[in-house]
Amino acid sequence: MIVALLAEIAEIDDINFLASQQFKAKSKELATLSAHQLVCGDQKAFSLTGADRGYKIGFAVVETTDDEVIMVRKSELLPELRIVKAERK
């Protein structure tokens with residue numbers, strides 16, 4: 001209901017089109033980031049203790065509605081993941 005009201009105030013005819021354009025603009029911004037920035041941008045690190053030793057794991061997230069922006073860069077992202085892993089040992 002609020003979205004409909006705001007769309008009316010802003011004189012937006014097609015709110016879905018506007019939303020899709022905003023999502024595309026955000027996804028294009030990801031293309032300007034370096035591989036290191038993408039890999040480390042939203043990364044969480046965790047330490048786990050097992051019976052025989054400790055473990056470190058990390059999760060990195062890139063939020064996008066256009067996965068092609070990221071997938072075309074996998075040849076540079078995968079090596080960067082390995083580099084960051086080695087740096088954090």
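One can find the structure itself at the top, above this paragraph.
Residues numbered from 1 in each chain as written. Predicted model: local features only at pLDDT ≥ 70, side-chain atom pairs only at ≥ 80, totals over all residues. Heavy atoms only, no water.

A. Summary view of the environment of K56. Among the structural elements, K56 can be located in strand β2 (residues 54-60). Each C-alpha atom, one on K56 and one on F46, is 5.7 Å from the other, the two residues being 10 residues apart in sequence. Once residues within four sequence positions are removed from consideration, K56 is found in contact with F46, S47, R88 and K89. (Helix = DSSP H or I, 4+ residues; strand = E, 2+ residues; numbered from the N terminus. Contact = heavy atoms within 4.5 Å.)

B. Structural detail: helix α5 (residues 74-87). With 14 residues, α5 ought to run about 20 Å at 1.5 Å a step, and its terminal C-alpha atoms sit 20 Å apart, in line with that. Turning to α5, its buried residues number three or more, namely L77, E80 and V84. The arc enclosing the buried residues of α5, seen along the axis, measures out at 65 degrees, which places them on a common side. In α5, those exposed residues whose orientation departs by more than 90 degrees from the buried face are S75, R82, K85 and A86. Of the surrounding elements, those touching the buried residues of α5 are α3 (35-40), β1 (43-49) and α4 (68-71). (Expected span 1.5 Å × (residues − 1). Buried < 20%, exposed > 50% of the residue type's maximum accessible area, 1.4 Å probe, protein only. Arc of directions from axis to C-beta.)

C. Focus on the nonpolar core. Residues L30, A35, L38, V39, C40, V69, I70, L77 and V84 constitute the largest nonpolar core, which totals 9 residues. For this core, the secondary-structure elements that each account for two or more residues are α3, α4 and α5. Residue contributions to this core peak at 4 residues, all from α3. Apart from residues no more than four positions distant in its own chain, L38 is found in contact with L30, L33, V62, I70, R73 and L77. (Core = buried A, V, L, I, M, F, W, Y, C linked by side-chain atoms within 4.5 Å.)

D. Highlighting a nonpolar patch on the surface. On the surface, F46, L48, Y55, I57 and F59 cluster together into a nonpolar patch covering about 460 Å² of accessible area. Examining the composition of the nonpolar patch, we find that 3 residues originate from one element, β2, more than from any other. (Patch = residues over 30% accessible without salt bridge, like charges linked within 9 Å, V, L, I, M, F, W, Y side chains within 5 Å. Areas by Shrake-Rupley, 256 points an atom, 1.4 Å probe, with all protein chains shown as cover. Salt bridge = Lys/Arg side-chain N within 4 Å of Asp/Glu carboxyl O.)

E. Broad picture of the packing of aromatic side chains. Applying the stated criterion to the full structure yields 1 aromatic pair. Between F46 and F59, the aromatic rings sit 6.1 Å apart at their centres with planes inclined by 70 degrees, giving edge-to-face as the arrangement. Linking F46 in strand β1 with F59 in strand β2, this pair joins segments that are 13 residues apart in sequence. Residue classification places F46 among the partly exposed residues on the basis of a relative accessible area of 42%. (Phe/Tyr/Trp six-rings, centres within 6.5 Å; stacked < 30°, edge-to-face > 60°.)

F. Structural view of unusual backbone geometry. Even without glycine at this site, E11 takes up a positive phi of about 60 degrees. Examined against the element boundaries, E11 turns out to sit in the loop between α1 (2-9) and α2 (15-30). On the accessibility criterion, E11 (68% relative accessible area) is exposed.

G. Just a positive patch on the surface, in detail. Taken together, the side chains of R53, R82, K85 and K89 present a region of like positive charge at the surface. Of note, R53 is situated in the loop between β1 and β2. (Lys, Arg positive; Asp, Glu negative; His and termini not counted. Charge placed at Lys NZ, Arg CZ, Asp CG, Glu CD.)

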